[in-house]
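Structural overview for review
What follows is the residue order along each chain.
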Amino acid sequence: MARVVRMVDLRAGVELCTDSPIGRVQQALAGLGPEEAVAVWVKGYADEFTVTAWAKRNGYAVLEVHREGEEARILLGMSP
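Here goes a summary of the coordinates provided. The written sequence of each chain sets the order in which its residues are numbered from 1. Where local features are concerned, this predicted model is filtered to residues with pLDDT of at least 70; where side-chain atom pairs are given and counted, the filter is 80 or more; whole-chain, interface and lining totals use all residues. Where side-chain values are given, they derive from all heavy atoms of the structure, hydrogens and water being excluded.

Looking at the packing of aromatic side chains
Filter applied, for reference: Two rings from Phe, Tyr or Trp (for Trp, the six-membered ring) form a pair when their centres sit within 6.5 Å of each other. Planes less than 30 degrees apart are called stacked, planes more than 60 degrees apart edge-to-face, and all others tilted. Each residue gets one of three labels from its accessible area relative to the maximum for its type: buried under 20%, exposed over 50%, partly exposed in between, using a 1.4 Å probe on protein chains only.
Enumeration according to the criterion identifies one aromatic pair in this entry. With a centroid separation of 5.8 Å and 20 degrees between ring planes, the pair formed by W54 and Y60 is classed as stacked. Residue classification places W54 among the buried positions, given a relative accessible area of 10%.

What about the nonpolar core?
Generally speaking, soluble globular proteins have nonpolar side chains that are buried together. Counted only if it meets this: Think of a nonpolar core as a cluster: buried Ala, Val, Leu, Ile, Met, Phe, Trp, Tyr and Cys residues, connected wherever their side-chain atoms sit within 4.5 Å. The helix count covers DSSP runs of H or I at least four residues long, the strand count covers runs of E at least two residues long, and both are numbered beginning at the N terminus.
Ranked by size, the top nonpolar core spans 17 residues in total, and within it V25, L29, V40, V51 and L76 carry the most contacts. It is helix 1 (residues 19–29) that contributes the most residues to this core, four residues altogether.

Digging into the sheet that holds strand 3 (residues 60–68)
Threshold: Strands are labelled as partners when DSSP assigns at least two bridges between them. Between N-to-C directions, angles cover 0 to 180 degrees, with each direction set by a line fitted to C-alpha atoms, over the stretch in contact for helices. A contact between two residues is defined here by any heavy atoms of the two lying within 4.5 Å.
Spatially, the four strands line up as an open sheet ordered 1-2-4-3, and their pairing is mixed. Of all strands in the sheet, those bounded by a partner on one side alone are strand 1 (3–9) and strand 3. Within the sheet, the average angular offset between the axes of one strand and its neighbour, ignoring direction, is 25 degrees. Here eight bridges tie strand 3 to strand 4 (residues 71–78), and the two strands are oriented antiparallel to one another. Residue pairing in the sheet places E64 in a bridge with L75 of strand 4. Contacting strand 2 (36–43), strand 3 and strand 4, helix 2 (residues 45–57) crosses the sheet at an angle of about 165 degrees to strand 3.

Details of the environment of A37
You can see A37 is positioned in strand 2. Along the sequence, A37 and V4 sit 33 residues apart, while their C-alpha atoms lie 4.6 Å from each other. Setting aside anything within four residues of it in sequence, one finds A37 in contact with A2, R3, V4, V5, R6, L32, L63 and L76.

Topic: the pattern of salt bridges
What counts here: Every case where a carboxyl oxygen of Asp or Glu lies within 4 Å of a side-chain nitrogen of Lys or Arg is listed as a salt bridge.
Considering all chains together, one arrives at six salt bridges under this definition. The shortest N-O distance in the salt bridge between R3 and E36 comes to 3.3 Å. Remark: E36 occurs in strand 2 and R3 occurs in strand 1; sequence separation between them is 33 residues. The exposure class of R3 is exposed, given its relative accessible area of 52%. When the shortest N-O distance is used, the salt bridge between E48 and R67 registers 2.6 Å. Taken together, the residues span a long stretch of sequence, with E48 in helix 2 and R67 in strand 3 at a distance of 19 residues. E48 sits in the buried class, given a relative accessible area of 7%. Among the charged side chains, a salt-bridge network with shared partners connects D9, R11 and E71.

Structure, rendered in structure tokens:
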């Protein structure tokens, strides 16, 4: 089980298509170790899809998606 070492909260409703939110996720993932994870909080399915699709396209693993109502916590880590 990966240990969460950083958190990014994107629930403020900022448009995910801009560079800033995904850039924040990318910055949090920089230097991540093999047993470490970043927790990304999003609001809405579209934002969840954007973050998970970006992570997969860029070689990161989606370790877990936990939904709480319309919010979700996505755990991202290094791909094996």
